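# Architecture at a glance
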Amino acid sequence: MATLKELVKRPEVLTGGHRLCAGCGASIAVRQVLLGTEHPVVVGCSTGCVEVATTIYPYTAWKSSFIHNAFENVAATISGVETAYRALKKKGKIKKEIKFIAFGGDGGTYDIGLQSLSGALERGHNMVYVCYDNEAYMNTGIQRSGATPCGASTTTQPAGKVKPGKEQFRKDLTSIVAAHHIPYTAQAGIFHWKDLVNKAEKAFKVDGPAFLNILAPCHRGWRYPMEKTLEIAKLAIDTGFWPLFEVENGVWKINIRPKQRKPIIEWIKSQGRYKHLLKEENKHIVERIQKEIDDYWKYLEGMCKATQPE
Amino acid sequence: MKDKLALTGNEAVAHAMRQINPDVLAAYPITPQTEIVMAFSRFVADGVVDTEMVPVESEHSAMSACVGASASGVRTMTATCSQGLALMWEIVYIASSLRLPIVMPVVNRALSAPINIHCDHSDSMGARDSGWIQIYCENGQEAYESTILAVRIAEEEKILLPVMVCLDGFITSHAVERIQLLEDKVVKDWVSERKTKYSLLDVENPLTYGPLHLQDYYFESKRQEAEAMRNAYSAIPKVVDKFEKLTGKRYDYLEEYKMDGAELAVLCLSSTYGTAKTAVDRLRAKGVKAGMVKLRFFRPFPAKEVVNALSKAKAVAILDRSDTFSNQGGPVFNEIRSAFYEKKDKPFIINHIYGLGGRDINVEDIEKVYTDLEEILKQKKVETLVNYLGVRE
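Residues numbered from 1 in each chain as written. Chains lettered and ligands numbered in written order. Predicted model: local features only at pLDDT ≥ 70, side-chain atom pairs only at ≥ 80, totals over all residues. Heavy atoms only, no water.

### Some thoughts on the pattern of salt bridges
Charged atoms that come close allow side chains of opposite charge to pair. Following the criterion strictly, the structure yields 50 salt bridges over all chains and no others. Close ionic contact of Glu38 of chain A with Arg10 of chain A constitutes a salt bridge, the shortest N to O distance being 3.7 Å. With Glu38 of chain A in the loop between helix 2 (25–34) and strand 1 (41–45) and Arg10 of chain A in the loop between helix 1 (4–9) and helix 2, the pair connects residues that are 28 residues apart, well separated along the chain. Judged by relative accessible area, Arg10 of chain A falls into the buried class, the value being 15%. Here Glu52 of chain B and Lys90 of chain A are joined by a salt bridge, their closest N and O atoms 2.9 Å apart. Within this pair, whereas Glu52 of chain B is found in strand 3 (residues 52–54), its partner Lys90 of chain A is found in helix 4 (residues 74–90), the two belonging to separate chains. If you follow the salt bridges from partner to partner, you end up with Glu138, Glu142, Glu255, Lys294 and Arg296 of chain B in one network. (Salt bridge = Lys/Arg side-chain N within 4 Å of Asp/Glu carboxyl O. Helix = DSSP H or I, 4+ residues; strand = E, 2+ residues; numbered from the N terminus. Buried < 20%, exposed > 50% of the residue type's maximum accessible area, 1.4 Å probe, protein only.)

Below is the structure:
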């Protein structure tokens, strides 16, 4: 992997001056991913925060070619672009190596765009799909998604007098994607930039589809001070809330293993979306969440063990 | 010219696509369009074409992939019908708004519910305001030629709009006709290569497709789209002239049959025109002054041509193979009635909705329409504006 010195010299594809919030985790994720290749890229983006805030006509924050089609179809859209590229390359009408990236939020990926993503993965397009997961529909005002964690309060599943916010656990999208047996699937976080850029490099290099699920803290939706985005991103890893792992050609590997996972209550205390969980009557929910995390780690360890090459 | 081949309408369309040899085809199978995708897939499998196929998991993804491919500057096609068109609806609008010249055969089939696989025009008529050009074909020969014609219309620089080539499900798509194919080279030269100034793959000159337009720009963007359809109205006849030089066939906005001296006229789209011509012949033999008009392009709507043609008659019936459920009749009727508003001395104009879900329309049904028109002329008034033809009530 390139050194930090080399990385900082790479030209920015997403320029400053876009209109994402100060302290937005998604723009950091996007920039780190784009450091993963030196080839020209064509970027596809589903409707969502990154799309609306980077391409308000007549301006664009993208130095690369960019296409936004709709909410649920960035995977299909970029698969069309990539197919056009192959058609032209086959005929010798284009020689240049170009990389194709799709960015979707968790709403556009876990929920409404899951079919489009699954189809594109199964067809084997040479593309990198990146989910910037901020755990709710943030662009439209913090509505619950399939990625929203258990216990979080959102505007469509708020904590109220009788309901403690979201009662279900989030969907394990990374495993769902891995089950397509594509060459490369990984989960990453923005605090661990080296791990993330390394994963992006691998994703761009493989022949076929690659998928990165990146936890992208959103201070508006998660209710923490905007300057704490990277601290929160780190806490997600330290508590085991967001394990950093990869599945490379079917082999599962945990990339960063906290020596001693911090208790999940530290994660819960750090964000306003969980504040109702601190009440005595909701203690059992915190315990449920802790158990779910511990179980997930057991599952991950099992997958790593089961897929180790002999 | 090659010999005529016995082909179904779908096979004829697939042959048109083979000769066009698009760079990318993204499609999903649906009855009665499936045969087009199957036949074309065979051409791909045998290396007859060098098209890259995207075998998508839904029509929504078919149109989404077409948008991505067409925005990358390559010639892009798909085909669908009915529920498939309904599923891709959201992206159908985006394709035209991004000014992407995609060509899509639509094998007209009824919309659910109740589920039905047979012909009516509810699917494409529902998409009449999506900004696509729409051509309605009478038979397999027309479907074949219209598909080839459509490529040049869509990609004409003054137009740059996608085109639906509509043929009647089963009636045209599955009936075997003797089809006269053009020479492969003739079609190859006619379509040549797509030229575009706006490709996502031109990475030295990056561009942004599909940015957010707010209150300050959205309206201008839509106004330009309206202008593109106006341009299409004036530019299509020029493409049609060139096509005539190639094929000897005229693909005018509409076609007339025995309209000279006609007092009673019926206008319809697609395969019904063939049946209707027989009815006109029978009536003429009996001394009834009957005539017939076939509307070929519904978008852009050729208002002037339609008014001119139908003004020759004193009473006119518009046949619609779909309903708008507005209590005001079918979509073709509404458009034509509106077009006549400025006209003095206009004929009586009534509507017959027929053939939904593949209900057969025969010569006697159409003769009945002329009987209705005769009665109106006799009474000098219209009793029932919107009639349902051939249904149990």
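That covers the picture; the talk isn't over yet.
### Some points on the packing of helix 4 of chain A against helix 6 (residues 114–123) of chain A
Think of two packed helices as two axes; the pair is described by the angle between the axes and how far apart they sit. The interhelical angle for the contact between helix 4 of chain A and helix 6 of chain A, taken along N-to-C directions, is 35 degrees, at an axis separation of 7 Å. Judged by residue contacts, Ala75, Ala76 and Ser79 of chain A of helix 4 of chain A engage Ser116, Leu117, Ala120 and Arg123 of chain A from helix 6 of chain A. (Axes fitted to C-alpha atoms, helices over the stretch in contact; angles between N-to-C directions. Contact = heavy atoms within 4.5 Å.)

### Side note on the domain arrangement of chain B
Residues and elements named next belong to chain B. Domain parsing of chain B yields domain 1 (4–247) and domain 2 (254–389). Taken together, the contacts link 26 residues of domain 1 with 27 residues of domain 2. For the pair domain 1 and domain 2, the two sides together bury roughly 2100 Å², of which 58% comes from carbon and sulfur. Three residues, Arg128, Glu138 and Tyr233, lead the burial of domain 1 against domain 2; their summed loss comes to 30% of the area buried on that side. Counting every contact that joins domain 1 to domain 2 gives 4 salt bridges. With a shortest N-O distance of 3.2 Å, Glu142 and Arg296 are connected by a salt bridge. The tally of links from domain 1 across to domain 2 stands at 14 residue pairs in polar contact (both at pLDDT 80 or more). (Domains from an automatic or database assignment. Buried area = accessible area lost by both parts, 1.4 Å probe. Polar contact = N/O pair within 3.5 Å; in protein donor to acceptor, adjacent residues only side chain to side chain.)

### Quick word on the interface of chain A and chain B
Taken together, the contact pairs 42 residues of chain A with 40 residues of chain B. Overall, the association of chain A and chain B removes approximately 3200 Å² of surface from exposure, summing both partners, and the carbon and sulfur fraction of that is 61%. Of all residues in chain A, Tyr57, Asn69 and Arg123 of chain A bury the most surface against chain B, accounting for 17% of the area lost on that side. Inspection of the chain A/chain B interface yields 6 salt bridges.

### Side note on the sheet that holds strand 10 (residues 254–257) of chain B
All names here are of chain B. Pairing in this open sheet of 6 strands is mixed, and the strands run 10-12-11-14-15-16 from one edge to the other. On the outer flanks of this sheet lie strand 10 and strand 16 (386–389), each paired with one strand and no other. Direction aside, neighbouring strands of the sheet carry axes that sit 25 degrees apart on average. Contacts from helix 12 (residues 331–339) reach strand 11 (264–268), strand 12 (290–295), strand 14 (315–320) and strand 15 (348–354), with the element oriented near 145 degrees to strand 14. (Pairing = 2+ DSSP bridges.)

### Thoughts on the sheet that holds strand 1 of chain A
What holds strands together in a sheet is hydrogen bonding between their backbones, with the strands either parallel or antiparallel. Read from one edge of the open sheet, 9 strands run 8(A)-7(A)-5(A)-6(A)-4(A)-3(A)-1(A)-2(A)-9(B), paired in mixed fashion. Single-partner strands in this sheet number two, and they are strand 8 (251–256) of chain A together with strand 9 (208–209) of chain B. Here 4 bridges tie strand 1 of chain A to strand 2 (residues 65–68) of chain A, and the two strands are oriented parallel to one another. Residue pairing across strands places Val42 of chain A opposite Ser65 of chain A, the latter belonging to strand 2 of chain A. Contacts between helix 4 of chain A and the sheet are confined to strand 1, strand 2, strand 3 (99–105) and strand 4 (128–133) of chain A, with strand 3 of chain A contributing the most and set at about 175 degrees to the helix. Sitting on the sheet, helix 12 (residues 283–307) of chain A is in contact with strand 7 (244–248) and strand 8 of chain A, with an inclination near 125 degrees to strand 8 of chain A.

### Observations concerning the pairing of strand 11 of chain B
All names here are of chain B. Within strand 11, 5 of the 5 residues are buried, which leaves the element mostly enclosed by the surrounding structure. Because side chains alternate across strand 11, one face comprises the buried residues Leu264, Val266 and Cys268, and the other comprises Ala265 and Leu267, equally buried. Bridge count for strand 11 against strand 14 is 4 bridges, and the pairing is parallel. Looking at strand 14, one finds that Ala265 is bridged to Val316. As paired elements, strand 11 and strand 12 share 5 bridges and run parallel to each other. Considered in strand 12, the bridge of Ala265 is made with Gly291.

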